[in-house]
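Architecture and fold: a report
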Amino acid sequence: MADESSYRPLFFHRILITIDEDDRPSTARAFRFALTMARDYGAELGIASVLENNDISIYESLMPAKLNEKRAHLHSIVKEYAAKAKEFGVQDVRPIVSEGGDVDDVVLQQIVPDFEPDLIVCGADVEFASHGHPGAIGLRLARKSDVSVIVIR
């Protein structure tokens, strides 16, 4: 027989939602799920997005003003999501923007060690498969992560 702790409810205290501006429908569903969990559990919600290297053209990389414009745009998007989360009733919200190569690597190597979530929520990349094939990021996060990952379709 299993010990008594296996029958206690499982609660998450730090939830990380990954925001993909290229896939708004999938992100919107995942965001709604993360909001509900964070509000109902009283959990801290990290709202993260990554400025991918492949989203920056060679031309843009040579022009600091263009690169700064892309950064500022991503920061404003994440801040909008954070404002929506607070409106919804999530008390503790942290916007997070990072840059780098593959989204899953940036999330796992930069964002997760800093934020220390016990749950990662992401969309399934079903509407816009910019990352190789549908669900690629969610699958890679689930495979590589040391914490629980929920992929919302």
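Bear in mind that the values here come from a model prediction, so they are computed numbers and not experimental data.

Our next topic: the sheet that holds strand β5 (residues 148–152). Spatially, β3-β2-β1-β4-β5 is the arrangement adopted by the five strands of the open sheet, whose pairing is parallel. Of all the strands in the sheet, just β3 (93–100) and β5 have a single pairing partner and so form its edges. On average, each strand axis in the sheet is tilted by 25 degrees relative to the strand beside it, whichever way the strands run. Pairing between strand β1 (residues 14–18) and strand β4 (residues 119–123): three bridges, direction parallel. What sits directly across from isoleucine 17, in β4, is valine 121. Relative to strand β2 (residues 44–52), helix α3 (residues 64–88) is tilted by about 160 degrees, and along the sheet it contacts β2 and β3. Along the sheet, helix α5 (residues 136–144) contacts β1, β4 and β5; its crossing angle with β5, the most-contacted strand, is approximately 165 degrees.

Here we come to the confidence of the model for the protein chain. Considering every residue of the protein chain, the mean pLDDT works out to 86; 84% of them sit at 70 or more. By mean pLDDT, the top-scoring element of the protein chain is β1 (97), and the lowest-scoring one is helix α2 (residues 58–61) (64). Throughout residues 127–134 the model reports pLDDT below 50, and contacts reaching past four residues in sequence, or to other chains, amount to 18 contacts.

Before going further, it helps to spend a moment on the pairing of β4. Most of β4 sits inside the fold, with five of its five residues counted as buried. A two-sided burial pattern is seen for β4, the buried positions comprising Leu119, Val121 and Gly123 on one face and Ile120 and Cys122 on the other.

Evaluation of the coordinates by the stated rule reveals seven salt bridges. Its salt-bridge partner being glutamate 99, residue arginine 71 comes within 2.3 Å of it at the nearest N-O pair. You can see arginine 71 sitting in helix α3 and its partner glutamate 99 sitting in strand β3, a full 28 residues away along the chain. Measuring nitrogen to oxygen at the nearest pair gives 2.9 Å for the salt bridge that ties lysine 144 to aspartate 104. Residue lysine 144 is found in helix α5, and its partner aspartate 104 is found in helix α4 (residues 103–115); the two are separated by 40 residues along the sequence. You can call lysine 144 partly exposed: its relative accessible area is 42%. Classification of aspartate 104 by relative accessible area gives buried; the value is 1%. One network of salt bridges, with partners in common, ties together Asp104, Asp105, Arg140 and Lys144.

Reading the values: rules and limits
Residues numbered from 1 in each chain as written. Predicted model: local features only at pLDDT ≥ 70, side-chain atom pairs only at ≥ 80, totals over all residues. Heavy atoms only, no water. Pairing = 2+ DSSP bridges. Helix = DSSP H or I, 4+ residues; strand = E, 2+ residues; numbered from the N terminus. Axes fitted to C-alpha atoms, helices over the stretch in contact; angles between N-to-C directions. Contact = heavy atoms within 4.5 Å. pLDDT = per-residue confidence, 0-100. Buried < 20%, exposed > 50% of the residue type's maximum accessible area, 1.4 Å probe, protein only. Salt bridge = Lys/Arg side-chain N within 4 Å of Asp/Glu carboxyl O.

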